[in-house]
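Reading the structure
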Amino acid sequence: MNLKALEYCVEIARQGSFTKAAQALHVAQPALSMAVGRLEEELGVALFNRATRQISVTAEGQLFLTRAEACLEGLAGARRELQDLTQLHSGEIRVGVPPMYGIRHIPELLMQFRARYPGIAMHVVEGSADDISERLATRDIDVALLESRRVDPEWESVLLGSDEMVLCMHEQHPLAAASSIPAARLQDEPMLVFDNTFLQRHLLDAFCSNARVRFNIALESNFVPLVITATRSGMGVSTLLRSVQEQEPGLAGVSFEPAQFMHFNLCWRASEYLSQANRRFIETAKVYFQEDASSPLSH
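Residues numbered from 1 in each chain as written. Predicted model: local features only at pLDDT ≥ 70, side-chain atom pairs only at ≥ 80, totals over all residues. Heavy atoms only, no water.

Some details on the overall build of the chain
- The number of helices and strands found in the chain is ten helices and ten strands.
- On C-alpha atoms alone, the chain measures out to a radius of gyration of 25 Å, which is more than a quarter above the 19 Å that the 2.2 N^0.38 rule sets for 299 residues.
- When the backbone C-alpha atoms are referred to their principal axes, the chain occupies close to 80 × 45 × 30 Å.
- Across the 299 residues that make up the chain, the buried fraction comes to 46%.
- Across the chain, every contact between residues at least 6 apart in sequence was considered, and the portion connecting residues at least 24 apart equals 73%.
- Here the chain contributes 27 positive and 37 negative side-chain charges, whose respective centroids are spaced 3 Å apart. (Helix = DSSP H or I, 4+ residues; strand = E, 2+ residues; numbered from the N terminus. Rg over C-alpha atoms; globule rule 2.2 N^0.38 Å. Buried < 20%, exposed > 50% of the residue type's maximum accessible area, 1.4 Å probe, protein only. Contact = heavy atoms within 4.5 Å. Lys, Arg positive; Asp, Glu negative; His and termini not counted. Charge placed at Lys NZ, Arg CZ, Asp CG, Glu CD.)

Structure representation (structure tokens):
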């Protein structure tokens, strides 16, 4: 059985078209069609319905292609395992991080990893928790940094540490002198809030809703630098992680009452091969967060 034919069939099913599959695979369509035809003859069944322009998979084809795709993924894993035998002189890691948590911790972690393994290419994407989770589930990335409440229980994960969500404002703001902020202090307060893709927004909404408090939204955004700049300018108050606030001159950070903490995990798909490069990255991250004495994660 020709492996190329299996790859062709899987791509045709994904694209719903012989033409699009040939284009995606960079092969001539006649060659693709012939290979699929020979495979169907060998199996004695039709894998695709060709009666209409939009190609669909037959019931027999669905059964076969499910197994074929699993086989191809297994072979791809075997190839990566063999590549890892080069003692990490080459390879790649694909990591997804949330927009705020990465500001303080990720750049230095990546620099340390690069210094130890200069031959490994690093691909880092930023996105909301939902986006990062989807990328991990669909294998667009290999490792994800997510708040513990966003980690799929079917994934493997390791807890890296915690960070505090604090109310932030200009240093001269009246709330800056408070020892802590109960929900009642936010009644009618102009707020610079993140949109609903941020767990911090859900925590803030729940914090206020439980106390039947309503704040005023002066600005809503998913752009972290914009919220930081607007907070510094005095437009309103916002919620940031303590690790981020401490790096921003001119911003005060006050704990909520009760304090609001977020716990972060590095996670990956369970029961699948994880390359040695990614495993080394996970180990490097664990050591980095343990040794980062200046970080809230060590408190």
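We are not done yet, so read on.
Overview of the packing of aromatic side chains
- Tallied over the full model, the rule gives six aromatic pairs.
- Between phenylalanine 113 and phenylalanine 281, the aromatic rings sit 5.5 Å apart at their centres with planes inclined by 85°, giving edge-to-face as the arrangement. Taken as a pair, phenylalanine 113 in helix H5 (residues 101-116) and phenylalanine 281 in helix H10 (residues 276-291) lie far apart in primary sequence, 168 residues in all.
- Residue classification places phenylalanine 113 among the buried residues on the basis of a relative accessible area of 0%.
- Ring geometry for phenylalanine 194 and phenylalanine 198: centres 4.5 Å apart, planes at 15°, overall stacked.
- For phenylalanine 198, a relative accessible area of 8% corresponds to the buried category. (Phe/Tyr/Trp six-rings, centres within 6.5 Å; stacked < 30°, edge-to-face > 60°.)

Side note on the pattern of salt bridges
- Here the structure, examined in full by the defined rule, presents 17 salt bridges.
- A salt bridge links arginine 150 to aspartate 130; the nearest nitrogen and oxygen atoms lie 3.8 Å apart. With arginine 150 in the loop between strand E5 (143-147) and strand E6 (156-170) and aspartate 130 in helix H6 (residues 129-137), this pair connects stretches of sequence that are 20 residues apart.
- The exposure class assigned to arginine 150 is partly exposed, which follows from its relative accessible area of 21%.
- Glutamate 164 is the salt-bridge partner of arginine 242, the closest N and O atoms lying 3.5 Å from each other. Of the two residues, arginine 242 sits in helix H9 (residues 242-245) while glutamate 164 sits in strand E6, which places them 78 residues apart along the sequence. Pair check on accessibility: arginine 242 and glutamate 164 agree, each one buried.
- One network of salt bridges, with partners in common, ties together Glu73, Arg94, Arg139, Asp142, Arg269 and Glu272. (Salt bridge = Lys/Arg side-chain N within 4 Å of Asp/Glu carboxyl O.)

Examining the state of the cysteines
- For the structure shown, the criterion picks out zero disulfides.
- This cysteine, cysteine 9, is not joined by any disulfide, and cysteine 71 carries the nearest cysteine sulfur, 13 Å off.
- Accessibility expressed as a relative area gives 0% for cysteine 9, which makes it buried. (Disulfide = S-S within 2.5 Å.)

Here's the deal with the packing of helix H2 (residues 18-25) against helix H3 (residues 29-43)
- For the pair H2 and H3, interaxial distance at closest approach is 9 Å and the crossing angle is 110°. Judged on the interaxial angle alone, H3 and H2 are roughly perpendicular. For the pair H2 and H3, the crossing hand works out as right-handed. In contact with Phe18, Thr19, Ala21, Ala22 and Leu25 of H2, H3 contributes Gln29, Leu32, Ser33 and Val36. (Axes fitted to C-alpha atoms, helices over the stretch in contact; angles between N-to-C directions. Parallel < 35°, antiparallel > 145°, perpendicular 65-115°, else oblique. Left-handed = near helix turned anticlockwise from the far one by under 90°.)

Considerations on the pairing of strand E4 (residues 121-126)
- Looking at chain direction, strand E3 (residues 92-97) and E4 are connected through six bridges and run parallel. Note on E4: the bridge partner recorded for arginine 94 is histidine 123.
- Between the parallel pair E3 and E4, the chain is carried across by H5, and the sense of this crossover is right-handed. (Pairing = 2+ DSSP bridges. Right-handed = clockwise from strand over helix to strand, strands pointing away.)

Points about unusual backbone geometry
- Between glutamate 257 and the following residue, proline 258, the backbone shows a cis peptide bond with an omega angle of 5°.
- Take proline 258: it is sitting in strand E10 (residues 251-268).
- In this model, arginine 212 sits at a positive phi of 55°, which is unusual for a non-glycine residue.
- Along the chain, arginine 212 falls in the loop between helix H7 (199-210) and strand E8 (216-221).
- Judged by its relative accessible area of 79%, arginine 212 is exposed.

Observations regarding the pairing of strand E9 (residues 237-241)
- Within E9, five of the five residues are buried, leaving the element largely enclosed by the surrounding structure.
- The alternating pattern of E9 places Val237, Thr239 and Leu241 and Ser238 and Leu240 on opposite faces, both of which are buried.
- Relative to E9, E6 runs antiparallel, the two being bridged by four bridges. Within the sheet, the bridge partner assigned to valine 166 lies in E9 and is leucine 240.
- With two bridges joining them, strand E7 (residues 190-194) and E9 adopt parallel strand pairing.

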